[in-house]
Amino acid sequence: MIDIEQYRISQAPYYRAQGEEIALYEAAYAARLPVMLKGPTGCGKSRFVEYMAWKLGKPLITVACNEDMTASDLVGRYLLDKDGTRWQDGPLTLAARIGAICYLDEVVEARKDTTVVIHPLTDYRRTLPLDKKGELIEAHADFQLVISFNPGYQTLMKDLKQSTKQRFAALEFDYADAETEQAIVTKETGIDSDTAAKLVQIAHRARKLKGHGLEEGISTRLLVYAGQLIGQNIAPRAACRMALSRPITDDADIRDTLEHAIDSYF
Ligand code: ADP
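A quick note: this is a predicted structure, and the numbers were derived from the prediction, not measured. (Residues numbered from 1 in each chain as written. Predicted model: local features only at pLDDT ≥ 70, side-chain atom pairs only at ≥ 80, totals over all residues.)

Quick word on the overall build of the protein chain
Phase 1: Counting its regular elements, the protein chain contains 12 helices and nine strands.
Phase 2: Projected onto the principal axes, the alpha-carbon positions of the protein chain cover approximately 65 × 40 × 35 Å.
Phase 3: Buried positions account for 38% of the 266 residues belonging to the protein chain.
Phase 4: Considering only contacts in the protein chain between residues 6 or more positions apart, those separated by 24 or more positions represent 70%. (Helix = DSSP H or I, 4+ residues; strand = E, 2+ residues; numbered from the N terminus. Buried ≥ 20, exposed ≤ 12 C-beta atoms within 10 Å, placed from the backbone. Contact = placed C-beta atoms within 7 Å.)

See below:
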């Protein structure tokens, strides 16, 4: 027996809405539409799904996808133990059985044959064939599939097929506006709002370098890290180096540019 309760989110996650996304998601869930969350890393997509799962009172099963992930990792496999073979459901199968929201984070990382297994779950069939087991699962009425996708990393090699994309309704995310992001950093870290405002301004400067030497700007997640270090009494300059400039670039020139910006605020 599976303990569904472990997948329930008991405490309301802090989520600051950026627009209409809560109402839009609720409508999509009511219609059981599969949803794609698009946007750069660290801008609040995972937090949003956690918040929505809590708000809707549904269990949430999250899978971080990677390039080695096979269809069996999602669907399940036979295991050998001392009593012989035993089938073990993968996270997608489990979510379909128990009626959870299944969140496939960075799905584009997974191999293309992996993404195909989600297809029958995303249309009117709402089924999942377990080929190896010879079982066809009909998804629980509460089941919903959510994927995240960062268009910034999109290359010819790494893109979702149109046949996959066109199975999802999409919500586009981005870093929150300055005032909202400052409120998020203050709330998540407990630092004062003046310091949070400076961190956000540094991020804005860095985000302008995207495509000019930086692959991605400084994310909200990194601002929260910087705030947490400052909250541990680390001097802001050192905290910003550790959390903001050093993680995102290995290029000495870009790093100096970022750290010059940091020093102009702290
Ligand atoms: P993503 O899934 O887009 O990579 P996350 O949801 O993990 O990003 O967000 C990273 C962190 O940024 C969260 O842990 C949270 O601290 C903060 N965050 C970002 N956006 C929000 C938001 N709208 N409300 C509350 N916290 C947020």
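Additional details are given in the paragraphs that follow.
Here's the deal with the sheet that holds strand β2 (residues 60–64)
Strand-to-strand pairing in sheets goes through backbone hydrogen bonds, with the strands running parallel or antiparallel.
Phase 1: In spatial order, the strands read β2-β5-β8-β1-β9; together these five strands make up an open sheet with parallel pairing. Among the strands making up the open sheet, the edge pair consists of β2 and β9 (169–172). Across the sheet, the mean angle separating the axes of adjacent strands is 20° when strand polarity is ignored.
Phase 2: Looking at chain direction, strand β5 (residues 101–105) and strand β8 (residues 144–149) are connected through four bridges and run parallel. When the bridges of β8 are listed, Ile-101 appears paired with Gln-144.
Phase 3: Where helix α2 (residues 45–56) meets the sheet, its contacts fall on β1 (35–38), β2, β5 and β8, and the angle it forms with β5 comes to roughly 175°. (Pairing = 2+ DSSP bridges. Axes fitted to C-alpha atoms, helices over the stretch in contact; angles between N-to-C directions.)

What to know about the nonpolar core
Phase 1: Within the largest apolar cluster, 41 residues are counted, with the highest numbers of intra-cluster contacts made by Val-49, Ala-96, Ile-101, Cys-102, Val-146 and Ile-147.
Phase 2: Going through the elements one at a time, β1, α2, β2, α3 (71–75), α4 (91–98), β5 and β8 are the ones with two or more residues in this core.
Phase 3: With residues up to four places along the chain from it excluded, the contact list for Ile-147 reads Met-36, Leu-104, Val-107 and Phe-168. (Core = buried A, V, L, I, M, F, W, Y, C linked by C-beta atoms within 7 Å.)

Notes on helix α10 (residues 220–231)
Phase 1: In a regular helix each residue adds 1.5 Å, so 12 residues correspond to 16 Å; α10 covers 16 Å between its end C-alpha atoms and thus fits that length.
Phase 2: When you tally the buried positions in α10, you get nine out of 12 residues, the bulk of the element.
Phase 3: Among the residues of α10, Thr-220, Leu-222, Leu-223, Val-224, Tyr-225, Ala-226, Gly-227, Leu-229 and Ile-230 are the ones counted as buried.
Phase 4: Positive phi shows up at Asn-233, right after α10, with a value of about 70°. (Expected span 1.5 Å × (residues − 1).)

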